[in-house]
Amino acid sequence: MESNTRKRLIIAVDGPAGSGKSSASRLLAERLSYRYIDTGAMYRAAAVAAYRSGVSVENDVALEQLMKDVVISFKSGRIHLDGEDVSRAIREPEIDGLSSAVSARAPIRKALIALQRRMAENGGVVMEGRDIGTVVLPDADIKFFITASAEVRGRRRYTERIERGETADLEEVIEAMKRRDERDAQRELSPLVPADDAQVLETSSLNLEEVVDRMMERAKKHGI
Ligand code: DC
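Quick notes on the rules
- Residues numbered from 1 in each chain as written.
- Predicted model: local features only at pLDDT ≥ 70, side-chain atom pairs only at ≥ 80, totals over all residues.
- Heavy atoms only, no water.
- Helix = DSSP H or I, 4+ residues; strand = E, 2+ residues; numbered from the N terminus.
- Buried < 20%, exposed > 50% of the residue type's maximum accessible area, 1.4 Å probe, protein only.
- Polar contact = N/O pair within 3.5 Å; in protein donor to acceptor, adjacent residues only side chain to side chain.
- Salt bridge = Lys/Arg side-chain N within 4 Å of Asp/Glu carboxyl O.
- Pairing = 2+ DSSP bridges.
- Domains from an automatic or database assignment.
- Contact = heavy atoms within 4.5 Å.
- Buried area = accessible area lost by both parts, 1.4 Å probe.
- Nonpolar A, V, L, I, M, F, W, Y, C, P; charged D, E, K, R; others polar.
- Phe/Tyr/Trp six-rings, centres within 6.5 Å; stacked < 30°, edge-to-face > 60°.
- Lys NZ or Arg CZ within 6 Å of the ring centre and 35° of its normal.
- Axes fitted to C-alpha atoms, helices over the stretch in contact; angles between N-to-C directions.
- Near = heavy atom within 4 Å.
- Areas by Shrake-Rupley, 256 points an atom, 1.4 Å probe, with all protein chains shown as cover.

Turning next to the side chain of serine 87. Within the secondary structure, serine 87 sits in the loop between β5 (84–85) and α5 (93–102). On the accessibility criterion, serine 87 (16% relative accessible area) is buried. At a separation of 3.5 Å, a polar atom in the side chain of serine 87 contacts the main-chain amide nitrogen of isoleucine 79. Only 2.6 Å separates the side chain of serine 87 from the side chain of aspartate 85, close enough to count as a polar contact.

We now examine the pattern of salt bridges. Throughout the structure, instances matching the rule amount to 17 salt bridges. Among the ionic pairs, arginine 157 bridges to glutamate 160, the shortest N-O distance being 3.2 Å. Taken together, the residues span about one helical turn, with arginine 157 and glutamate 160 both in helix α8 (residues 150–163) at a distance of three residues. Sharing partners across several salt bridges, the network here consists of Arg31, Glu209 and Asp213.

A few words on the sheet that holds strand β4 (residues 78–81). Strand pairing in a sheet relies on backbone hydrogen bonds. The paired strands run either parallel or antiparallel. Across the sheet, which stays open at both edges, the three strands sit in the order β3-β4-β5 with antiparallel pairing between neighbours. Since the sheet does not close on itself, it has two edges, and those belong to β3 (72–75) and β5, each with one partner. By the bridge criterion, two bridges tie β4 to β5 in an arrangement that is antiparallel. Each bridged residue has a counterpart across the sheet, and for histidine 80 the counterpart in β5 is aspartate 85.

This next bit is on the domain arrangement of the protein chain. As a measure of interface size, the accessible area lost when the parts come together is often cited. When its domains are assigned, the protein chain resolves into domain 1 (9–34 + 124–217) and domain 2 (38–123). Taking only C-alpha atoms into account, the centre of domain 1 sits 19 Å from that of domain 2. Between domain 1 and domain 2, the residue contacts involve 16 residues of the former and 16 residues of the latter. Broken down residue by residue, the surface that domain 1 buries against domain 2 is led by Met127, Val136 and Leu189, which jointly contribute 32%. Here domain 1 and domain 2 share one salt bridge between them. The partner of arginine 109 in a salt bridge is aspartate 131, with the nearest N and O atoms 2.9 Å apart. The tally of links between domain 1 and domain 2 comes to eight residue pairs in polar contact (both at pLDDT 80 or more). Of all the elements in the fold, those that place two or more residues in the side of domain 1 that touches domain 2 are β6 (125–129) and α7 (132–136). Tallying contributions element by element places β6 first for the side of domain 1 that touches domain 2, with four residues. Looking at the side of domain 1 that touches domain 2, its residues break down into nine nonpolar, three polar and four charged.

Using the criterion set out here, one finds zero aromatic pairs in the structure. In this arrangement the basic side chain of arginine 218 is found over the ring face of phenylalanine 144, its NZ or CZ atom lying 6.0 Å from the centre.

Here the focus is the sheet that holds β6. Reading across the sheet, the five strands line up as β2-β6-β1-β7-β8 and stay open at both edges, with parallel pairing between neighbours. The two strands at the open ends of the sheet, each matched to only one other strand, are β2 (35–38) and β8 (199–202). For this sheet, the mean inter-axis angle between neighbouring strands, taken without regard to orientation, is 20°. The sheet contact formed by strand β1 (residues 10–14) and β6 spans five bridges and is parallel. Across the sheet, alanine 12 pairs through a bridge with methionine 127, a residue of β6. Of the strands in this sheet, β1, β2 and β6 are in contact with helix α6 (residues 106–120), which crosses β6 at around 160°. Where helix α10 (residues 208–221) meets the sheet, its contacts fall on β1, β7 (142–147) and β8, and the angle it forms with β7 comes to roughly 160°.

On to the site of the ligand. Around the ligand, the structure places 14 residues, and the nearest of them are Arg44, Arg109, Arg130, Asp131 and Arg187. Arginine 187 places a side-chain nitrogen or oxygen 2.8 Å from an oxygen atom of the ligand. For the ligand, whose free accessible area comes to 450 Å², the fraction covered by protein is 96%. Listed by contribution, the elements that provide at least two residues to the shell around the ligand are α3 (39–53) and α5. Per-element tally for the shell around the ligand: the top contributor is α3, with four residues. Looking at which domains feed residues into the shell around the ligand, each of domain 1 (9–34 + 124–217) and domain 2 (38–123) gives three or more.

What follows is the structure in structure tokens.
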């Protein structure tokens, strides 16, 4: 009985790169048996589509058509482009840079925001990105903005790269993180800022479990 009457909330999670928001959102969704939607993966899939079709990031007409021609979806938590699992392809280094450029284009944002709203309409979702609480789902039941210092986020990114067997320079990773923050906060479309009604979680001195515990505390107040 109880599970039928339980509310299926819409939870928005935003924050900068390396803040740990993806891991926290995924774990929160798991604990609540909600769907986890990584909108960054959707922008990355759009970048893979542009890359493969040779469409220039400057060409808005072609980008608009491209978004009509491709299907971006999640199956069993993995990102698909036209039915193909592109979960690995979206993490390739050339897609990193391209996804940032692609995500600044209006036709791409328009198409993906519409798709994201449809994915969230029945509730029971944790949607994570940069503009979820501010633009995509301004009426979300709960909003979090997860952040950490550039040093902490840079160190996490650096460790990930080293663990993957790549080479990296810590100072350079931290500087790149700061440059990207600045670009993301100042861009015209969907700049990265906390929604007025978001709970800001500064996670520099928290581990993943502690972050998710805080999110759960808030969710419980909403009758979950
Ligand atoms: O979180 P990420 O690094 O996987 O995101 C990939 C790119 O997409 C990154 O440049 C930020 C952008 N993005 C965005 O503009 N809006 C979102 N809701 C999610 C990601």
